[in-house]
Amino acid sequence: MEIASEFLYATGLTEKLIESSLDGIIGFDTNYNYTIFNPAMERISGMNYADVIGRNAFEAFPFLIDVGEDEFFKKALQGQPSLSQDRHFIVPETGKTGAYEALYSPLYDKDKRVVGGFAIIREISEWKQTQRALKESELKLLQLNQVTSDAIITCNNIGEILSWNKSAEIIFGYNPGEVTPGRLEAVLPDFKWKPEMQLLRTSDWPERSFRMSGLRKNRSSVPLKVSSSSWRFGSKVFLTLSIRDLTELTRLEHQAEEHRELSEAVLQVHNELGQGLVSVERHSVKPLYINQAYADMVGYTIDELMAMPSLLTLIRADLLPFIEKRVSNRIKSGKETDFTETILVHKKGFHIYVDVAVKDIETSSGLASLCIVRDITHRKISDEALRKSERQFRFIFERARSIVCILDPEGKILNLNPAFEKTLGLSRLDWIGKPFCLLVHPGDTTRLLECFKEASNPNDGCDTKIRLINFKQETVHTEISATVTTEDGKVDTLMFVIRLESLK
């Protein structure tokens, strides 16, 4: 059975998914004019749907050309999926700035002609800021597979397999680089009974598609959609099969009593991004559909989750009354869309922090709620680590007996601790923003600059002796340890720890 696209458009389910997505979704035609601009894109850019839709993307957002994003638009219109990573944006009309990543794909009409493109936009500004503050490794984006994961098998006119790709190895359970199983019947045992095998010996064979069961290496069965076509090389005729694993699609068909399927492209993107996709009864929150990403997130199998009377049982007990009240208020108010943050309990007992977007949808049996769930546990842990690190630094900074002085790359003072006033008798507030070299004895200025240069190498640092001038214009002999922090290979801040050597 082919995917019932007409049914999806009739129910508006794809539109609901786009509207309720936590990530931005855009669509554009062959003239780069926006055809889709969902609510998440409004939040990311600060621009309203009405101000953007129908406008040329590069006129609405000039920065796209500045950062080279137009190349990804062009690739989509050329039929090439592509991934844009670690991009920075600025929208002058709204003042919104930040960073994002985007997955671009082409859009085809029924004749398989490219009629436009679409992109899934994920804002990563908050994550990058947290990672920069903690000085940890840069944010690693979730690695996306190719937009299509079809297996491609080529064989000759007697069914001997000549080549197959990595996706074929994955679908049929063979190890990378393992030799092919020989004949086509080894993985498609029913194919030899197809009349097409006889037609392969003829000169012309039009492309055709059908469903059949495949056989994995471990002898288990896998439902497949197979598209086949023949081609000639000299006097020889060959067969190429494009094979898609329909395991997830078959599960949906069994769960749904009606011929209703979610858009395959949207489901694939959500799974690859690790986002849970759940459909529940509006009042009881009984599960109607659950994708594999959500099951992996909470540690249960899909069958275990589908057997639960309500998915609210996964919410941490102390938060359950609040979520139940929120669900009730949303139903009473008639509000269709809701966004919240809560905590789920994994099957093994640990906690999972999640963002949840809820959108009510119409089904043949009444209203249901579609939920998109994103795991933000790592972000929460990073945020808490940052707060703890800042508290510890502030405690040490304020109570240190040595002078702690933080400078910008130009040598101007950004911050001073209380020991500065106790040691030199000068006001901290008076010296914020002034060059540190004004505190240094003229005879030691050159030594200070050499120390600054030496410390600019993150692997070195610098220790030296410098004479400072106190409020009485007396010389104070000190020992200075200097270190720097860097960003993108450039000096970000310079920190001096100054210990009193002696007063002469």
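Residues numbered from 1 in each chain as written. Predicted model: local features only at pLDDT ≥ 70, side-chain atom pairs only at ≥ 80, totals over all residues. Heavy atoms only, no water.

Quick notes on the overall build of the protein chain
Applicable threshold: Secondary structure is summarised from DSSP: a helix means a run of H or I of at least four residues, a strand means a run of E of at least two, and numbering begins at the N terminus for each. The contact criterion used is simple: two residues touch if any of their non-hydrogen atoms lie within 4.5 Å. Accessible areas in this description were obtained via Shrake-Rupley with a 1.4 Å probe; residue shielding takes into account the shown protein chains only.
Scanning the protein chain from N- to C-terminus turns up 19 helices and 20 strands. In the protein chain, once contacts between residues fewer than 6 apart in sequence are set aside, the share between residues at least 24 apart is 45%. On the protein chain, roughly 26,900 Å² of surface is accessible, and the fraction owed to carbon and sulfur atoms is 53%.

Thoughts on the environment of serine 20
Relative to the helices and strands, serine 20 resides in helix 2 (residues 13-20). Counting along the chain gives 336 residues from serine 20 to valine 356, while the straight-line C-alpha distance between them is 9.7 Å. Residues contacting serine 20, with those up to four places away along its chain left out, are Phe339, Ala357, Lys359, Leu370 and Ile372.

Some words on the pairing of strand 7 (residues 161-164)
Our working rule: At least two bridges found by DSSP between two strands is the condition for calling them paired.
Taken together, the three bridges between strand 6 (residues 151-156) and strand 7 define a ladder with antiparallel strand orientation. Opposite cysteine 155, over in strand 7, you have isoleucine 161 as the bridge partner. Adjacent in sequence and paired antiparallel, strand 6 and strand 7 are bridged by four residues, among which glycine 159 carries a positive phi angle near 85 degrees.

Notes on the sheet that holds strand 15 (residues 366-375)
As a reminder, the rule being used: In this analysis, axes come from line fits to C-alpha atoms, helices being fitted only over the stretch in contact, and the angle between any two N-to-C directions falls in the range 0 to 180 degrees.
Across the sheet, which stays open at both edges, the five strands sit in the order 12-11-15-14-13 with antiparallel pairing between neighbours. Two strands bound the open sheet, and with one partner strand each, they are strand 12 (287-290) and strand 13 (337-345). Along the sheet, successive strands turn relative to each other by an average axial angle of 25 degrees, direction set aside. Pairing between strand 11 (residues 276-281) and strand 15: six bridges, direction antiparallel. Across the sheet, residue leucine 277 finds its bridge partner in strand 15, namely isoleucine 372. Where helix 15 (residues 320-333) meets the sheet, its contacts fall on strand 13, strand 14 (351-363) and strand 15, and the angle it forms with strand 13 comes to roughly 160 degrees.

Here we look at the state of the cysteines
Under the convention used in this document: In this description, a disulfide is simply a cysteine sulfur pair whose atoms lie within 2.5 Å. Relative accessible area decides the class of each residue, using a 1.4 Å probe on protein chains only: under 20% of the type maximum gives buried, over 50% gives exposed, and in between gives partly exposed.
Counted by the stated rule, this structure contains one disulfide. Residue cysteine 451 pairs covalently with cysteine 462 via a disulfide, S to S 2.4 Å. Here cysteine 451 and cysteine 462 share a disulfide; its torsion about the S-S bond, -130 degrees, makes the bridge left-handed. Separated by eleven residues along the polypeptide, cysteine 451 in helix 19 (residues 445-455) and cysteine 462 in strand 18 (residues 462-469) bring together distant segments of the chain. Overall, cysteine 451 belongs to the buried group, its relative accessible area being 2%. For cysteine 462, a relative accessible area of 6% gives the class buried.

A word on the sheet that holds strand 8 (residues 208-215)
Taken in spatial order, the five strands of this open sheet run 7-6-10-9-8, and their pairing is antiparallel. A single partner strand is all that each edge strand has here, and the edge strands are strand 7 and strand 8. The mean angle between the axes of side-by-side strands here comes to 30 degrees, regardless of whether they run parallel or antiparallel.

Describing the pairing of strand 8
Where a strand is regular, its side chains alternate between the two sheet faces. Bridging between strand 8 and strand 9 (residues 221-233) involves eight bridges; their strand directions are antiparallel. Along strand 9, the bridge assignment pairs glycine 214 with valine 222. Where strand 8 hands over to strand 9, the hairpin turn is made up of five residues, of which arginine 219 adopts a positive phi near 75 degrees.

Considering helix 19
Operational definition: Throughout, the arc means the angular range of directions from the helix axis out to the C-beta atoms.
Among all positions in helix 19, only Leu448, Cys451 and Ala455 are buried. End-on, the buried residues of helix 19 take up no more than an arc of 60 degrees, which puts them together on one face. Along helix 19, the residues that are exposed and aim more than 90 degrees away from the buried face are Thr446, Leu449, Glu450 and Lys453.

Describing the nonpolar core
Selection criterion: Grouping buried Ala, Val, Leu, Ile, Met, Phe, Trp, Tyr and Cys residues that are joined through side-chain atoms within 4.5 Å yields what is termed a nonpolar core.
Counting residues in each nonpolar core, the largest one holds 26 residues, and the members touching the most others are Ile413, Phe420, Phe436 and Phe496. Broken down by element, this core gets its largest block of residues, four residues, from strand 19 (residues 475-487).

Some details on the packing of aromatic side chains
Stated precisely, the cut-off is as follows: Here a pair means two rings of Phe, Tyr or Trp (six-membered ring of Trp) with centres within 6.5 Å. Their orientation is stacked below 30 degrees between planes, edge-to-face above 60, and tilted elsewhere.
With the rule as written, the count across this model stands at 13 aromatic pairs. The interplanar angle of 65 degrees and the centroid separation of 6.4 Å between the aromatic rings of tyrosine 32 and phenylalanine 73 together place this pair among those described as edge-to-face. Note that tyrosine 32 is positioned in the loop between strand 1 (24-29) and strand 2 (34-37) and phenylalanine 73 in helix 7 (residues 70-77), a separation of 41 residues in sequence. The same class applies to tyrosine 32 as to phenylalanine 73, namely buried. Cluster of aromatic residues (ring-pair linked, three or more members): Phe28, Tyr32, Phe58, Phe72, Phe73 and Tyr104.

Comments concerning unusual backbone geometry
Look at tyrosine 32: it is not a glycine, yet its phi comes out positive at around 65 degrees. A positive phi is found at glutamine 473, a non-glycine position, where the angle reads about 65 degrees. Mapping glutamine 473 onto the fold places it in the loop between strand 18 and strand 19.

Notes on the confidence of the model for the protein chain
Note the following rule: Per residue, pLDDT captures the predictor's confidence, and it can take any value from 0 to 100.
Of the residues in the protein chain, 82% reach a pLDDT of 70 or more, and the chain-wide mean stands at 79. Throughout residues 1-11 the model reports pLDDT below 50, and contacts reaching past four residues in sequence, or to other chains, amount to 18 contacts. Note that pLDDT drops below 50 for residues 256-263; the model gives that stretch 18 contacts with residues more than four away or on any other chain.

Quick word on the pattern of salt bridges
Defined as follows: Salt bridge, as used here: a side-chain nitrogen of Lys or Arg that lies within 4 Å of a carboxyl oxygen of Asp or Glu.
Tallied over the full model, the rule gives 22 salt bridges. Between arginine 113 and aspartate 109 there is a salt bridge; the shortest N-O distance is 3.1 Å. One salt bridge connects arginine 183 with glutamate 185, and the closest N-O pair in it is separated by 3.5 Å. Of the residues examined, arginine 183 reaches a relative accessible area of 37% and is grouped as partly exposed. Taken together, the salt bridges that share partners define one network made up of Glu341, Asp355, Arg379 and Lys380.

Quick notes on the side chain of serine 279
Mapped onto the secondary structure, serine 279 falls in strand 11. For serine 279, a relative accessible area of 8% corresponds to the buried category. Apart from the residues within four sequence positions on either side, serine 279 is in contact with Lys286, Pro287, Leu288, Tyr289, Ile361, Ala368, Ser369 and Leu370.

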